[in-house]
Protein chains: 2
Amino acid sequence: MGEISHIKEQLSEVGLKATHPRIVVLQKLMTSHDHPTAENIHETIKEDNPSISLGSVYRVLDVLVEAGLIQRVSVRSGSKRYDANMNPHGHIYCLKTNRIQDFYDEELYGLINEFFRKKKIRNFRINEIKLQVNGERIDPEDDVTII
Amino acid sequence: MGEISHIKEQLSEVGLKATHPRIVVLQKLMTSHDHPTAENIHETIKEDNPSISLGSVYRVLDVLVEAGLIQRVSVRSGSKRYDANMNPHGHIYCLKTNRIQDFYDEELYGLINEFFRKKKIRNFRINEIKLQVNGERIDPEDDVTII
DNA sequence: TTACTTGCAAAGGCTTTGCACCGAT
DNA sequence: ATCGGTGCAAAGCCTTTGCAAGTAA
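Along each chain, residues carry numbers from 1 onward, in the same order as the chain's sequence is written. Chain letters and ligand numbers both follow the written order, the letters beginning at A and the numbers at 1. At least 70 in pLDDT is required for a residue's local features to be given in this predicted model, at least 80 for side-chain atom pairs to be given and counted, and no such filter applies to totals for whole chains, interfaces and linings, which use all residues. Note: side-chain values were computed over all heavy atoms of the structure, leaving out hydrogens and water.

An unreviewed UniProt entry annotates chain A as Fur family transcriptional regulator, peroxide stress response regulator of Ekhidna lutea. UniProt positions are given in the numbering used here, feature names are shortened, and annotations may be inferred rather than shown by experiment. Under the Sequence similarities (unreviewed entry) heading, UniProt states for chain A: "Belongs to the Fur family."

Quick look at the structure:
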């Protein structure tokens, strides 16, 4: 409940009306780390919110991306996937299980950022730097860990 | 002409029949650096090869990717795009023009590779590491250069 | 010759959109 | 009360696929 008012705040902070579909979709994304598709989200939320249509989920996701509250993640798979983690981080994508796992390493991101800060890049304003590591889990059930 | 026999060799080296659509599509990709979509490729080649269908272009692209002769590049834009540059490299994607430009820097790739070689990654076999820099060109007509 | 590939056109999956109604501010 | 958001269903875009005919090896 306190959570929901926090979600509402986030929405109005970026100038969006705190409508029911927006609150539900954003909350779902902020409390899951599985990078769901629009359809995944619809499936999950419709149990408690049967009136929210799939079309609205798509529209809400577009608006949230546009507002910078969530981001789209593109992988090989068919559908676009969504992520409410807006801190800098990379994605580990498993081609076997189709799972996406966030990862962040301060040292690595330090290196990459420093590289682009030092280099002269002509005719381009950098928005974001995306790092994606593709491969396969050995044990599909287990998480990947970077030590 | 000597080019075409080189293309045919590449195809048979990976065990693919050197059919006309495959030769034409692969040649187009190897001589362009604009990361075209399936439809772009079809448009370009159909002037000289009116019988090659769009469906076949899609099938040929799938086969070439599967064989490791080309790679798919996913960006925000609607369609998948293709790249015959199989050397390690990153992509600079301009949201304004939708253009993709390859880039490679030995130092940066050295850092990233060394990072992943040194770190212990549990439960994952890395296939490829993708680096994509999103942003906007200042002059949409001009190339981006990294010095 | 034989198994694979293609052209064609239809089907499929994911996403967007028009419209009338509804609701947050 | 107003303007923007939503549900619904239809349309749209990109891609895949079944089948009969064609072709590289």
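Caption draft 1: Molecular detail of the relation of the copies chain A and chain B. Copies overlap after least-squares fitting; the atoms used are the C-alpha atoms of residues with pLDDT of at least 70 in both. Under the fitted operation, chain A is carried onto chain B by 0.0 Å of movement along the axis and a turn of 180 degrees, and the coordinates agree to an RMSD of 0.0 Å. These values place the two chain copies in the arrangement generated by a two-fold rotation axis. Taking C-alpha positions as the reference, the residue of chain A nearest the rotation axis is A:Leu131, at 2.4 Å. Contact between two residues is taken to exist if any of their heavy atoms lie within 4.5 Å; hydrogens are not considered. Both copies present the same face, since 100% of the interface residues in chain A are matched by interface residues at the equivalent positions in chain B.

Caption draft 2: Broad picture of the protein's contact with DNA strand D. Near, as used in this document, describes a residue that has one of its heavy atoms within 4 Å of the molecule or strand being considered. What surrounds DNA strand D is a group of 17 residues, the closest being A:Thr19, A:Arg22, A:Ser51, A:Ser56 and B:Tyr58. In DNA strand D, the atoms that sit within 4 Å of the protein are 73% sugar and phosphate, with bases accounting for the remainder. In the analysis that follows, any N or O atom pair within 3.5 Å is treated as a polar contact, provided that within protein one partner can donate a hydrogen and the other can accept it, and provided that, for residues neighboring in sequence, both atoms belong to side chains. Note that a phosphate oxygen of DNA strand D is positioned 2.8 Å from one of the side-chain N or O atoms of A:Arg22. Between A:Ile52 and DNA strand D, the recorded distance is 3.5 Å, taken from a backbone N or O atom to a phosphate oxygen. Of all the elements in the fold, those that place two or more residues in the surface near DNA strand D are helix H2 (20-30) and helix H4 (54-67) of chain A together with helix H4 (54-66) of chain B. Under the convention adopted here, Pro, Cys and the residues Ala, Val, Leu, Ile, Met, Phe, Trp and Tyr are nonpolar, Asp, Glu, Lys and Arg are charged, and Gly plus all remaining residues are polar. Among the residues making up the surface near DNA strand D, the classes are represented as five nonpolar, five polar and seven charged. Helix and strand assignments come from DSSP, with helices taken as H or I runs of at least 4 residues and strands as E runs of at least 2, each series counted from the N terminus.

Caption draft 3: Up close: the protein's contact with DNA strand C. If you check the shell around DNA strand C, you find 17 residues, and the closest are A:Tyr58, B:Thr19, B:Arg22, B:Ser56 and B:Arg59. Here A:Lys17 contributes a side-chain N or O atom positioned 3.4 Å from a base nitrogen of DNA strand C. At 2.3 Å, a side-chain N or O of A:Tyr58 approaches a phosphate oxygen of DNA strand C. Those elements that provide at least two residues to the surface near DNA strand C are H4 of chain A together with helix H2 (20-30) and H4 of chain B. Tallied by class, the residues present in the surface near DNA strand C amount to five nonpolar, five polar and seven charged.

Caption draft 4: Up close: the domain arrangement of chain A. Residues and elements named next belong to chain A. Partitioning chain A into structural domains gives domain 1 (1-84) and domain 2 (87-147). Put simply, the middle of domain 1 and the middle of domain 2, counted by C-alpha atoms, are 23 Å apart. Each side of the interface is counted separately: domain 1 has eleven residues, and domain 2 has 13 residues. Accessible area that two parts lose when put together, with a 1.4 Å probe and added across both, is what the buried area reports. For the pair domain 1 and domain 2, the summed buried area comes to about 890 Å², and 47% of that belongs to carbon and sulfur atoms. The largest share of the area that domain 1 buries against domain 2 comes from His-35, Arg-76 and Arg-81, three residues that together contribute 44% of it. A pairing counts as a salt bridge when a side-chain nitrogen of Lys or Arg comes within 4 Å of a carboxyl oxygen of Asp or Glu. On inspection of domain 1 and its partner domain 2, the count reaches zero salt bridges. The interface formed by domain 1 and domain 2 contains six residue pairs in polar contact (both at pLDDT 80 or more). Segment limits for the domains were obtained from an automatic or database-derived domain assignment.

Caption draft 5: Region of the structure containing the nonpolar core. Among buried residues, those of type Ala, Val, Leu, Ile, Met, Phe, Trp, Tyr and Cys that are joined through side-chain atoms within 4.5 Å constitute a nonpolar core. Note on exposure labels: buried denotes an accessible area under 20% of the residue type's maximum, exposed denotes more than 50%, and partly exposed covers the range between, all computed with a 1.4 Å probe on protein chains only. Within the largest apolar cluster, 24 residues are counted, with the highest numbers of intra-cluster contacts made by A:Leu108 and B:Leu108. At the level of elements, strand S3 (90-94), helix H5 (106-118) and strand S6 (124-137) of chain A together with strand S3 (90-94), helix H5 (106-118) and strand S6 (124-137) of chain B are the ones that each hand at least two residues to this core. Apart from residues no more than four positions distant in its own chain, A:Leu108 is found in contact with A:Phe103, A:Leu131, B:Ile112, B:Phe115 and B:Phe116.

Caption draft 6: Spatial organisation of the pairing of strand S4 (residues 100-103) of chain B. Residue and element names in this part refer to chain B. Bridge analysis of S3 against S4 gives four bridges, and the strand direction is antiparallel. Note that in S4 the partner of Tyr-93 across the bridge is Ile-100. The hairpin formed by S3 and S4 contains five residues between the paired strands, and Asn-98 there has a positive phi angle of roughly 70 degrees. Only strands joined by at least two bridges in the DSSP assignment are considered to pair.

Caption draft 7: Spatial organisation of the UniProt feature "binding site: Zn(2+)" (unreviewed entry) in chain A. Residues and elements named next belong to chain A. What UniProt calls "binding site: Zn(2+)" (unreviewed entry) maps, in this numbering, to Cys-94. With respect to the helices and strands, the residue Cys-94 is situated in strand S3. The exposure class assigned to Cys-94 is buried, which follows from its relative accessible area of 0%.

Caption draft 8: Representation of the packing of aromatic side chains within the structure. Aromatic pairing here means that ring centres of Phe, Tyr or Trp (its six-membered ring) are within 6.5 Å. Orientation follows from the plane angle: under 30 degrees is stacked, over 60 is edge-to-face, and everything else is tilted. Counted under the stated rule, the structure contains eight aromatic pairs over all chains. The interplanar angle of 90 degrees and the centroid separation of 5.0 Å between the aromatic rings of A:Phe115 and A:Phe116 together place this pair among those described as edge-to-face. A:Phe116 gets classed as buried once you look at its relative accessible area, which sits at 9%. In textbook terms, an aromatic cluster arises when at least three aromatic residues are bridged by ring pairs, as seen for A:Phe103, A:Tyr104, A:Tyr109, B:Phe115 and B:Phe116.

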